[in-house]
Amino acid sequence: MDRTDRASRVIAAPPATVYGALLDRESLEAWLPPDGMRGRVARWDPRPGGGFRMVLTYLDPADSPGKTSDATDVVDVEFADLVPPERVVQRAVFEADDPSYAGTMTMTWNFAAASEGTEVTVTATGVPPGIDQAVHEVGIASSLANLASYVEGAG
């Protein structure tokens, strides 16, 4: 049950810019939802010990039933650690009746300066067993691609 899912990507932007995109409500809504979903931040408190509640809606729920309802995943995220511009640690809890999605998943976003910009590595630990590892890693990679497009386009 102590599984670790990972994805990484080099983004053509400085670490401070990438870090900032994780602590801005509108930015998160724009880039965090993976392909096939849209997101809305329902609560926002960007400080250590604060966090946010995100409602992710499947654009086509027929192929990907949600954890919270047929069409949605609702997740409460706490900012466990914020180290500008190096690291963001989030603790995520899904709102779900299915016990296979229970528990707290920790998402650690590390930002390292690279010659091409910033290497972003996302490590998820404590991943609930109901979340398929391959699908999750594709979703993280999709969010990283969205993040790259978002911050590279803002430059």
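Refer to the structure above for everything that follows.
Residues numbered from 1 in each chain as written. Predicted model: local features only at pLDDT ≥ 70, side-chain atom pairs only at ≥ 80, totals over all residues. Heavy atoms only, no water.

### Some words on the environment of Thr68
Here's step 1: Within the secondary structure, Thr68 sits in the loop between strand E3 (51-58) and strand E4 (72-83).
Here's step 2: We classify Thr68 as partly exposed; its relative accessible area is 25%.
Here's step 3: Here the alpha-carbon distance between Thr68 and Glu95, two residues 27 residues apart in the chain, equals 5.5 Å. (Helix = DSSP H or I, 4+ residues; strand = E, 2+ residues; numbered from the N terminus. Buried < 20%, exposed > 50% of the residue type's maximum accessible area, 1.4 Å probe, protein only.)

### Examining the pairing of strand E5 (residues 87-94)
Here's step 1: The pairing of E4 with E5 spans eight bridges and is antiparallel. Pairing of Phe79 across the sheet is with Gln90, part of E5.
Here's step 2: Here E4 hands over to E5 after three residues, the two strands then running antiparallel side by side.
Here's step 3: Summarising the sheet, E5 and strand E6 (residues 105-114) pair through six bridges and their orientation is antiparallel. Bridged to Gln90 within E6 is Met107. (Pairing = 2+ DSSP bridges.)

### So, the sheet that holds E4
Here's step 1: Across the sheet, which stays open at both edges, the seven strands sit in the order E1-E7-E6-E5-E4-E3-E2 with antiparallel pairing between neighbours. Where the open sheet ends on each side, the last strands, each with one partner, are strand E1 (4-11) and strand E2 (37-45). Across the sheet, the mean angle separating the axes of adjacent strands is 20° when strand polarity is ignored.
Here's step 2: Across the sheet, helix H1 (residues 15-22) touches E1, E2, E4, E5, E6 and strand E7 (117-125), and the angle it forms with E6 is around 160°. (Axes fitted to C-alpha atoms, helices over the stretch in contact; angles between N-to-C directions. Contact = heavy atoms within 4.5 Å.)

### Notes on the packing of aromatic side chains
Here's step 1: In this structure the tally under the stated criterion is five aromatic pairs.
Here's step 2: Measuring from centroid to centroid gives 5.6 Å for Trp31 and Trp109, while their planes differ by 80°, and the two rings are edge-to-face. Of the two residues, Trp31 is situated in helix H2 (residues 25-31) and Trp109 in strand E6; the sequence distance between them amounts to 78 residues. The same class applies to Trp31 and to Trp109, which are both buried.
Here's step 3: Ring geometry for Phe52 against Phe79: centres 5.7 Å apart, planes inclined by 50°, an arrangement best described as tilted. Residue Phe52 is found in strand E3, and its partner Phe79 is found in strand E4; the two are separated by 27 residues along the sequence. Exposure class is identical for Phe52 and Phe79. Each is buried.
Here's step 4: Following the ring pairs from residue to residue traces out a cluster consisting of Trp44, Phe52 and Phe79. (Phe/Tyr/Trp six-rings, centres within 6.5 Å; stacked < 30°, edge-to-face > 60°.)

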